[in-house]
Amino acid sequence: MTFLDKNNKASDFLHLGNKLLSWYKKNARDLPFRQTKDPYKIWICEIVFQQTRINQGLNHYNNFIQRFPDVQTLAEAEENEVLLYWKGLGYYSRAINIHKAAQQVINDYGGVFPSRYEEILKLKGVGKYTAAAITSICFGGKIPAVDGNFYRVLSRVFADDFDISNSRAFAYFSELATLILPGNVGDFNQAMMDLGSEICKPKNPLCGECPLNEDCLAFSLNKISEFPVKTKKVKSENLHLKYYFVHRNGQFLIQQRKDDFIWKKLFEFPSIIPEELESFNKGVKTVNHKLTHKNLTIEISNIEVTSEPAWKQFIAQNQYLVTDFEGSHEKSFPKPLENYIQNRNQK
Ligand code: SF4
């Protein structure tokens, strides 16, 4: 039975939220986006750190904000440049959406970042978590920004066995969060983020240092490893990709991806070549790469075209771009192809 089912008349748990706020005041991490309430910067930071750890993404965040300090600059930039500044963060669809959303802010809101939750939700790539974070941190909104940290901390504190893989988990934990929601929801949301990543970690939580340890049911019952409950495992799909690294005298061929399947708008090597070029094959390298719910096996054939006419003919007949190692720095490639280019240059 879940906590909310057992406790129809939920008693006062507000002191938990207030304890968390007092802990946050003393222990908040000193991060650049904590010094601002500029919704543009908070939005960028929320998107950057959705799938990236703070210490891994901090330099990227700073560089991004330095190049695109406001929504106008971002909206006016070329998409390829935005992708370039996203290099290293992965999940490039986030960069494409950020760029489109910046244009929405200019076109639909006269360049002023919207302040209402429902309006922020209309921006491309912005979900309920991000909209709640922006409204609470920047505009005093009262909505908890529920994410995996909330699921983990709340399910442990209340020893609540609601299944987090259930499609109603977001609604359920949002309701549970309201039991402990203090007045300052912006700080509360950030405190939950810090608590979840620094203290109540998925494995080996630091319960001795936790401000909620006196109230935490899972801790007192010694059942922390049982929470959160997750039954459904999403199956990963196995995919096989084939590429040809076609090169001559330090130059190589690339194209920009168009489809929505994976790596949209990133650059890649040709995936089809005429049979005649196969005779220049110097070997094949196989790399494995994981994406969310996808296991990729990527075969890259090294085609060194030693014949000038064959090289020229191939370029003329196809729509490929010619680049070299220096030029490739200006473009964003999927991580495994980026690694392949880097390693080749170091040989
Ligand atoms: S006491 Fe431990 S399990 Fe409970 S909320 Fe704190 S860190 Fe998490």
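In this text the structure is predicted, and so the values were computed from the model without any measurement. The numbers attached to residues start from 1 for each chain and follow its sequence in the written order. Residues qualify for local features only when their pLDDT is at least 70, as the model is predicted, and side-chain atom pairs are given and counted only at 80 or more; totals for whole chains, interfaces and linings, by contrast, use all residues. As a convention, hydrogens and water are excluded, and side-chain values are obtained from all of the structure's heavy atoms.

**Brief notes about the site of the ligand**
In plain terms, the rule: For each residue, the test is whether any non-hydrogen atom lies within 4 Å of the molecule or strand; if one does, the residue is near. Cavities and pockets were defined on a 1 Å grid built from protein atoms only: a cavity is a group of points that admits a 1.4 Å probe but offers it no way out, a pocket is an open group of points flanked by protein on both sides within 12 Å along at least five of seven lines, and a lining residue is one with an atom within 4 Å of any such point. Cavities and pockets are treated as containing a molecule whenever more than half of the molecule's atoms lie within 2 Å of their grid points.
Around the ligand lies a shell formed by Arg156, Val157, Ile199, Cys200, Pro205, Cys207, Cys210, Asn213, Cys216, Phe219 and Ile224. The cavity where the ligand resides is the largest cavity.

**Digging into helix 14 (residues 308–317)**
Test applied: Each residue is assigned to one of three classes by its accessible area relative to the maximum for its type, calculated with a 1.4 Å probe on protein chains only: buried under 20%, partly exposed between the two thresholds, exposed over 50%. Secondary structure is summarised from DSSP: a helix means a run of H or I of at least four residues, a strand means a run of E of at least two, and numbering begins at the N terminus for each. Note: the arc covers the axis-to-C-beta directions of the helix. When checking whether two residues touch, look at their non-hydrogen atoms; a contact exists if any pair is within 4.5 Å.
When we look at burial in helix 14, the residues that qualify are Ala310, Trp311 and Phe314. In an axial view of helix 14, the angular spread of the buried residues amounts to 100°, which keeps them on one side of the axis. Those residues of helix 14 that are exposed and aimed more than 90 degrees away from the buried face are Pro309, Lys312 and Ala316. In this structure, the buried residues of helix 14 make contact with strand 1 (237–248), strand 2 (251–256) and strand 6 (321–324).

**A look at the packing of aromatic side chains**
So the rule is basically this: A pair of Phe, Tyr and Trp rings is counted when the ring centres sit within 6.5 Å of each other, with Trp represented by its six-membered ring. The angle between the planes then sorts it: under 30 degrees is stacked, over 60 is edge-to-face, the rest tilted. Whether a charge lies above a ring is judged from NZ of Lys or CZ of Arg, which has to be within 6 Å of the ring centre and within 35 degrees of the ring normal.
One pass over the structure, following the stated rule, counts 22 aromatic pairs. Pairing Tyr243 with Phe269 gives two aromatic rings, centres 6.3 Å apart and planes at 85°, and the pair type is edge-to-face. Of this pair, Tyr243 sits in strand 1 while Phe269 sits in the loop between strand 3 (267–268) and strand 4 (281–291), placing them 26 residues apart in sequence. When its relative accessible area of 0% is taken as the criterion, Phe269 is described as buried. Members of the aromatic cluster, joined through ring pairs, are Tyr243, Phe245, Phe252, Phe269 and Tyr340. Lying over the aromatic face of Phe267, Lys331 brings its terminal NZ or CZ to 5.6 Å of the ring centre.

**Considerations on the nonpolar core**
Stated formally: Throughout, nonpolar core names a set of buried Ala, Val, Leu, Ile, Met, Phe, Trp, Tyr and Cys residues whose side chains join them through atoms within 4.5 Å. These domain boundaries are the output of an automatic or database domain assignment.
Counting residues in each nonpolar core, the largest one holds 63 residues, and the members touching the most others are Tyr40, Trp43, Ile44, Phe64, Leu74, Trp86 and Phe269. When residues of this core are assigned to domains, at least three fall in each of domain 1 (3–226) and domain 2 (237–346). The residues contacting Trp43, other than those within four sequence positions of it, are Leu74, Ile98, Ala101, Ala102, Phe113, Val126, Thr130 and Ile134. Phe13, Leu21, Phe150 and Ala169 belong to the second-largest nonpolar core, a separate cluster that totals 39 residues.

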